[in-house]
Each structure stands twice: as C-alpha cells, then as structure tokens.
Amino acid sequence: LSATDTILVDNGGAVMTQVPYSVLALQVQSQAQSFTTSAMSNSTSITLSVAFTALTYTQTSTGNTVHLKAAPFNGERQGFSMTNIVTNLTVSSAANTVSGGAIGTTVAGASYFWTFDTASTTWYRS
C-alpha cells in the first residue's frame, strides 16, 4: 500500500470510515512502540499517554487514579502494570466512560488493559 491509499475502518457504526494508510500505519506503529515507566507516590493520579505504562509505586499506596486517554481512536488499547500493592485504585477517563474502572486493591505485578469503543464512547476492560 502507498501512503495515499485508503483503508475502510469499522468505527462501530452503520458506515465504514475511510482512513489514509499513512495515518493508520502511524497509529499502529505508535501503539507498538509506546511503552514508558512512571514513578508514583501515595495518593496521586496519572494520565496515560502511551499504550502501556509500568507504574512504579515507591510504597504500598492508597487512593490513586489512572486516567485513560480522553481522545482515543476506535480499538485503541491502553494498559499498565503495578510494581507494588495499591489499595483503592480507580481508572477513569476525562471524556469517556470506563467499564471496570473500580479496581480496588491490586496485586504487585498485575497488569490491566482497556480497549476503546467509539460507538459507545467507552473504554472496556480486556
């Protein structure tokens, strides 16, 4: 495919969307290479900007919030892992619904993922 070719993308609605190959390739590439680590302290919040983030808590922690992207594309995935136990962890999004966002207490080493559905404007835990 060339950069000017278009691909039909199912956005969950009745009509398929035409997306230039160059845009789709960039999104797939950025998702595949998106990984970061973030040091966290007690009672903090973080907004994820990449596909996967390793959250490193300096201690057993309480009252933390992880925010998923507010403007994701259909089918986008975001996730994170935990290095310590966190109690009362909540996952939210500034502009969308998050299904399964009330995690509660985590286990050290656990990973959590959500996939975005444009039609319902909802992040679904997967």
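What this report covers is the structure whose coordinates are included nearby.

Definitions and cut-offs
- Residues numbered from 1 in each chain as written.
- Predicted model: local features only at pLDDT ≥ 70, side-chain atom pairs only at ≥ 80, totals over all residues.
- Heavy atoms only, no water.
- Helix = DSSP H or I, 4+ residues; strand = E, 2+ residues; numbered from the N terminus.
- Buried < 20%, exposed > 50% of the residue type's maximum accessible area, 1.4 Å probe, protein only.
- Areas by Shrake-Rupley, 256 points an atom, 1.4 Å probe, with all protein chains shown as cover.
- Pairing = 2+ DSSP bridges.
- Axes fitted to C-alpha atoms, helices over the stretch in contact; angles between N-to-C directions.
- Polar contact = N/O pair within 3.5 Å; in protein donor to acceptor, adjacent residues only side chain to side chain.
- Contact = heavy atoms within 4.5 Å.
- Core = buried A, V, L, I, M, F, W, Y, C linked by side-chain atoms within 4.5 Å.
- Phe/Tyr/Trp six-rings, centres within 6.5 Å; stacked < 30°, edge-to-face > 60°.

## Some points on the overall build of the chain
Reasoning step 1: Across its full length, the chain holds one helix and 14 strands.
Reasoning step 2: Looking at the chain as a whole, 32% of its 126 residues are labelled buried.
Reasoning step 3: About 6700 Å² of surface is accessible on the chain, with carbon and sulfur atoms providing 56% of the total.

## Focus: the sheet that holds strand E4 (residues 45-47)
Reasoning step 1: Ordered by their spatial adjacency, four strands build an open sheet running E4-E7-E10-E12, and the pairing between neighbours is mixed. Edge strands, defined here as strands with exactly one partner in the open sheet, are E4 and strand E12 (102-104). The average undirected angle you get between the axes of adjacent strands in this sheet is 20°.
Reasoning step 2: Direction of pairing for strand E10 (residues 89-93) relative to E12: antiparallel, over a ladder of two bridges. Paired with Leu89 across the two strands is Gly104, which belongs to E12.

## Some words on the side chain of Asn96
Reasoning step 1: Structurally, Asn96 can be placed in the loop between E10 and strand E11 (97-99).
Reasoning step 2: By relative accessible area, Asn96 is classed as buried at 15%.
Reasoning step 3: In terms of polar contacts, Asn96 uses its side chain to reach the backbone carbonyl oxygen of Ala70, at 3.0 Å.
Reasoning step 4: Non-local contacts of Asn96, meaning those with residues more than four positions away in its chain, are made with Lys69, Ala70, Pro72, Phe116, Thr121 and Trp123.

## Considerations on the pairing of E10
Reasoning step 1: Burial along E10 is one-sided: the face carrying Leu89, Val91 and Ser93 is buried and the face carrying Thr90 and Ser92 is not.
Reasoning step 2: Pairing geometry for strand E7 (residues 65-68) and E10, over four bridges, is parallel. Counterpart to Leu68 in the pairing with E10 is Ser93.

## Overview of the nonpolar core
Reasoning step 1: One finds Val66, Phe80, Met82, Leu89, Val91 and Trp114 to be the most contacted residues of the largest nonpolar core, which totals 18 residues.
Reasoning step 2: Among the secondary structure elements, those contributing two or more residues to this core are strand E5 (52-57), E7, strand E8 (77-82), E10 and strand E13 (111-117).
Reasoning step 3: The leading source of residues in this core is E13, at three residues.

## Some remarks on the pairing of E7
Reasoning step 1: Residues Val66 and Leu68 point to one face of E7 and are all buried, whereas Thr65 and His67, pointing to the other face, are not buried.
Reasoning step 2: Taken together, the three bridges between E4 and E7 define a ladder with parallel strand orientation. Within E7, the position partnered with Ser45 by the bridge is Thr65.

## Description of the packing of aromatic side chains
Reasoning step 1: This model, assessed by the stated rule, comprises three aromatic pairs.
Reasoning step 2: Where Phe80 meets Trp114, the ring centres are 5.9 Å apart and the plane angle is 15°; that geometry is what we call stacked. Residue Phe80 is located in strand E8, and its partner Trp114 is located in strand E13; the two are separated by 34 residues in the primary sequence.
Reasoning step 3: Looking at Phe80, the relative accessible area reads 0%, which means it is buried.
Reasoning step 4: Linked through ring pairs, Phe80, Tyr112 and Trp114 together constitute an aromatic cluster.

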